[in-house]
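Chain by chain, the residues run as shown.
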Amino acid sequence: MSRLTLLVCQALVAVVFLGLWQLFATVPVFGRMLLPPFFFSTPVDVGSQIVDWFTSGVIWKHLLITLWESVLAFAIGSLAGVLVGFWFARQPRIAAIFDPYVKMVNALPRVVLAPIFTLWLGLGIWSKVALGVTLVFFIVFFNVYQGVKEVSPTVLANGRMLGMSEKQLMRHVFWPSALSWMFSSLHTSVGFAVVGAVVGEYLGSAAGLGYLIQQAEGVFDVAGVFAGMFVLSAFVILIDFGVTLVERRLLVWRPDAAEGRG
């Protein structure tokens with residue numbers, strides 16, 4: 001499938017979804033409204049709300065704050081996940097000692113941690129960043145750890161037979177093996193970094209997309225709630241696109257990546 005055909009199909013899915021939503025929210029079916037506008041709003045009202053936010057400039061402040069929180073959470077969580085993942089994979093004894101504690105912390109519900117971070121770090125951006133880091137870290141950590149552990153024993157043995165030092169093995173064997181796993185996790189982590197920021201804002205803040213959604217929900221403005229979610233979705237897609245560009249740059253040696261660039 002060509003890229004143009006793929007884009008057309010993706011756009012068609014969105015058009016059909018929005019069309020059905022508008023239809024069922026405005027036209028009764030067998031005398032009954034399947035999607036009552038009071039509860040579901042309509043795409044037209046949601047679109048009008050989004051346009052109003054951008055034309056009036058109200059949303060820019062909230063977008064920038066959420067962007068900053070998400071980028072910090074994504075960067076800190078990803079870097080920590082990569083470093084600790086490599087460390088644990090290369091130090092089996094350390095991994096075995098901390099294994100139950102890692103699983104225990106990973107099992108903690110993040111929504112429960114949000115009020116604790118707010119208590120510790122206040123209502124500023126750092127409580128949201130901390131929540132986002134807890135979501136991003138474990139996704140990247142487990143993928144990098146597995147990526148390093150999945151290195152082919154044959155390739156590793158050949159490298160050592162050729163006299164490679166640990167530094168050279170890390171650069172030419174372990175790192176390329178972990179890259180694919182790492183970028184796979186980063187695509188997922190983008191969404192979780194934003195989710196962490198927005199949930200933190202939703203539970204306590206004075207600005208951000210989560211705050212905007214919470215304010216709309218407080219006055220039963222369903223169009224505002226859906227508008228915030230659509231802006232949030234587009235926001236995540238744009239950040240993920242940036243990750244994809246970096247991935248193609250770093251994984252140029254992969255056949256599919258090379259074809260993608262061509």
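Structure: see above.
Now for a description of the structure that goes with this document. (Residues numbered from 1 in each chain as written. Predicted model: local features only at pLDDT ≥ 70, side-chain atom pairs only at ≥ 80, totals over all residues. Heavy atoms only, no water.)

## A few points about the layout of surface pockets
For step 1, the next point in the chain: The calculated volume of the largest pocket comes to roughly 240 Å³.
For step 2, the next point in the chain: Listed by contribution, the elements that provide at least two residues to the lining of the largest pocket are helix 1 (3-26) and helix 11 (222-250).
For step 3, the next point in the chain: Per-element tally for the lining of the largest pocket: the top contributor is helix 1, with four residues.
For step 4, the next point in the chain: Across the lining of the largest pocket, the residue classes break down as four nonpolar, three polar and two charged. (1 Å grid on protein atoms, 1.4 Å probe; cavity = no way out; pocket = protein on both sides within 12 Å on 5 of 7 lines; lining within 4 Å. Points joined across faces, edges and corners; volume = space filled by probe spheres on them. Helix = DSSP H or I, 4+ residues; strand = E, 2+ residues; numbered from the N terminus. Nonpolar A, V, L, I, M, F, W, Y, C, P; charged D, E, K, R; others polar.)

## A short note on the packing of helix 6 (residues 110-121) against helix 7 (residues 125-149)
For step 1, the next point in the chain: Where helix 6 meets helix 7, the closest approach of the two axes is 8 Å, and the angle between their N-to-C directions is 140°. Classified by chirality, the crossing of helix 7 by helix 6 is right-handed. Across the interface between the two elements, Arg110, Leu113, Ala114, Phe117, Thr118 and Leu121 of helix 6 pack against Trp126, Ser127, Ala130, Leu131, Thr134, Leu135 and Phe138 of helix 7.
For step 2, the next point in the chain: Its residues assigned to classes, the contact of helix 6 with helix 7 shows nine nonpolar, three polar and one charged. (Axes fitted to C-alpha atoms, helices over the stretch in contact; angles between N-to-C directions. Left-handed = near helix turned anticlockwise from the far one by under 90°. Contact = heavy atoms within 4.5 Å.)

## Considerations on the pattern of salt bridges
For step 1, the next point in the chain: Counting across every chain of the model gives one salt bridge.
For step 2, the next point in the chain: Residue Lys103 is joined to Asp99 by a salt bridge in which the shortest nitrogen-to-oxygen separation is 3.2 Å. Within this pair, Lys103 and its partner Asp99 are both found in helix 5 (residues 92-107), separated by four residues, close to a single helical turn. (Salt bridge = Lys/Arg side-chain N within 4 Å of Asp/Glu carboxyl O.)

## What about the nonpolar core?
For step 1, the next point in the chain: Within the largest apolar cluster, 24 residues are counted, with the highest numbers of intra-cluster contacts made by Phe86, Val144, Val148, Met182 and Leu186.
For step 2, the next point in the chain: For this core, the secondary structure elements donating two or more residues are helix 4 (58-90), helix 7 and helix 9 (166-203).
For step 3, the next point in the chain: The dominant element in this core, judged by the number of residues it contributes, is helix 9, at ten residues.
For step 4, the next point in the chain: Contact partners of Val148, with chain neighbours within four places excluded, come to Phe86, Ala89, Arg90, Phe174 and Ala178.
For step 5, the next point in the chain: Grouped together as the second largest cluster of nonpolar side chains are 16 residues, Trp21, Ala25, Val194 and Phe235 included. (Core = buried A, V, L, I, M, F, W, Y, C linked by side-chain atoms within 4.5 Å. Buried < 20%, exposed > 50% of the residue type's maximum accessible area, 1.4 Å probe, protein only.)

## Digging into the side chain of Thr42
For step 1, the next point in the chain: For Thr42, the position within the fold is in the loop between helix 2 (37-40) and helix 3 (43-56).
For step 2, the next point in the chain: A relative accessible area of 6% places Thr42 in the buried class.

## Topic: helix 10 (residues 209-218)
For step 1, the next point in the chain: What helix 10 keeps buried is the set Leu209, Gly210, Leu212, Ile213 and Ala216. Looking straight down helix 10, one finds that the buried residues subtend no more than 160° of arc, so they occupy a single side. (Arc of directions from axis to C-beta.)

## Side note on the packing of helix 5 against helix 7
For step 1, the next point in the chain: For the pair helix 5 and helix 7, the least separation of the axes is 12 Å and the interaxial angle reads 145°. When you trace helix 5 past helix 7, the crossing you get is left-handed. Only Phe138, Phe141, Phe142 and Tyr145 of helix 7 make contact with helix 5, whose side of the interface consists of Ala95, Val102, Val105 and Asn106.
For step 2, the next point in the chain: Residues belonging to the contact of helix 5 with helix 7 are distributed by class as follows: seven nonpolar, one polar and no charged.

## Remarks on the packing of aromatic side chains
For step 1, the next point in the chain: Scanning all chains against the criterion turns up 14 aromatic pairs.
For step 2, the next point in the chain: Between Phe88 and Phe141, the ring centres sit 5.4 Å apart and the planes meet at 85°, which makes this aromatic pair edge-to-face. Separated by 53 residues along the polypeptide, Phe88 in helix 4 and Phe141 in helix 7 bring together distant segments of the chain.
For step 3, the next point in the chain: The class of Phe88 is buried, set by a relative accessible area of 6%.
For step 4, the next point in the chain: Plain terms: the ring middles of Phe137 and Phe141 are 5.6 Å apart, the flat faces sit at 10° to each other, and that makes the pair stacked. With Phe137 and Phe141 both in helix 7, this residue pair falls four residues apart, about one helical turn. Of the two residues examined, Phe137 and Phe141, each falls in the buried class.
For step 5, the next point in the chain: Among the aromatic side chains, those forming a connected cluster through ring pairs are Trp87, Phe88, Phe98, Phe137, Phe138, Phe141, Phe142 and Tyr145. (Phe/Tyr/Trp six-rings, centres within 6.5 Å; stacked < 30°, edge-to-face > 60°.)

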